[in-house]
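What follows is each chain in one-letter form.
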Amino acid sequence: MCLAPPAGDYEVSIDIGSNKKLIVNSEGIFLRSSAVDDFLPFLKTSQIKINEKVLDMYRISFDRLICDVTDSLINASNHGSVYAKRKVESCKSLINNLREKYCRCDKYSK
């Protein structure tokens, strides 16, 4: 959670089923579902905060989650998020170590 991207455009969103997504952002881990309301002309969305222990239930790969979270944080930082930029600058070595261990990619360098 300490490296999660800000809520909004750069949060991590993983499809886990019909109209359900796992969302990870700086506010926590959420299960978001959406449905079309027959009587209203828009999509109804609900979101509940979940515990990280629920990730196993949805078969979310920890490696994938680490990679997605750090990718989103770096992306947010590169696109003007001051919040993300501060996190990336202060946690650069942690991000590099996690990405090297779990993502099998080059170190993030800025």
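Residues numbered from 1 in each chain as written. Predicted model: local features only at pLDDT ≥ 70, side-chain atom pairs only at ≥ 80, totals over all residues. Heavy atoms only, no water.

**Q** I'm lost on the pairing of strand β4 (residues 43-50) in this one. Help?
**A** Remember that side chains alternate between the two faces of the sheet whenever the strand is regular. Across eight bridges, the pairing between strand β3 (residues 28-36) and β4 is antiparallel. The residue of β4 that forms the bridge with I29 is I50. Linking β3 to β4, which pair antiparallel, is a turn of six residues. (Pairing = 2+ DSSP bridges. Helix = DSSP H or I, 4+ residues; strand = E, 2+ residues; numbered from the N terminus.)

**Q** Would you mind showing me how to read the sheet that holds β3 here?
**A** Strand order in the open sheet made by the four strands is β1-β2-β3-β4, with antiparallel pairing throughout. Looking at strand neighbours, the two that pair on one side only are β1 (12-17) and β4, the edges of this open sheet. Direction aside, the axes of adjacent strands within the sheet are offset by 25 degrees on average. Those strands touched by helix α1 (residues 62-78) are β1 and β2 (20-25), and its axis lies near 145 degrees from that of β1. (Axes fitted to C-alpha atoms, helices over the stretch in contact; angles between N-to-C directions. Contact = heavy atoms within 4.5 Å.)

**Q** How should the environment of V88 be read in this particular structure?
**A** Among the structural elements, V88 can be located in helix α2 (residues 82-90). For V88, a relative accessible area of 2% corresponds to the buried category. Separated by 15 residues in the primary sequence, V88 and L73 have C-alpha atoms spaced 7.3 Å apart. (Buried < 20%, exposed > 50% of the residue type's maximum accessible area, 1.4 Å probe, protein only.)

**Q** What am I meant to see in the pattern of salt bridges here?
**A** When the charged atoms of two side chains lie near each other, side chains of opposite charge can form a pair. In the structure shown here, the tally under the stated rule is four salt bridges. The shortest N-O distance in the salt bridge between E11 and R32 comes to 3.0 Å. One end of the pair, E11, is in the segment before β1; the other, R32, is in strand β3, and 21 residues separate them in sequence. Look at E11 and you get buried, because its relative accessible area is 15%. Between K21 and D15 there is a salt bridge, with the nearest N and O atoms lying 3.3 Å from each other. Taking relative accessible area as the criterion, K21 reaches 34% and is therefore assigned partly exposed. (Salt bridge = Lys/Arg side-chain N within 4 Å of Asp/Glu carboxyl O.)

**Q** What is the right way to look at the environment of Y102 in this model?
**A** Relative to the helices and strands, Y102 resides in helix α3 (residues 92-103). Considering only alpha carbons, one finds Y102 and Q47, 55 residues apart in sequence, at a separation of 28 Å.

**Q** What should I look at first to understand the nonpolar core in this one?
**A** Looking at soluble globular proteins, one finds that nonpolar side chains tend to be buried together. Ranked by size, the top nonpolar core spans 23 residues in total, and within it L3, L22, V24, L65 and I95 carry the most contacts. Considering every element that reaches this core, the biggest residue donor is α1, with six residues. Beyond its immediate sequence surroundings of up to four residues, I95 is in contact with L3, T70, L73, I74, K87 and V88. (Core = buried A, V, L, I, M, F, W, Y, C linked by side-chain atoms within 4.5 Å.)

**Q** What am I meant to see in the packing of aromatic side chains here?
**A** Centre-to-centre distance and the angle between the planes together describe a pair of aromatic rings. Inspection of the entire model under this criterion finds one aromatic pair. Seen in terms of ring centroids, F62 and Y102 are 5.2 Å apart; in terms of plane orientation they differ by 85 degrees. Their pairing is edge-to-face. Note that F62 is positioned in helix α1 and Y102 in helix α3, a separation of 40 residues in sequence. For F62, a relative accessible area of 48% translates into the label partly exposed. Looking at Y102, the relative accessible area reads 18%, which means it is buried. (Phe/Tyr/Trp six-rings, centres within 6.5 Å; stacked < 30°, edge-to-face > 60°.)

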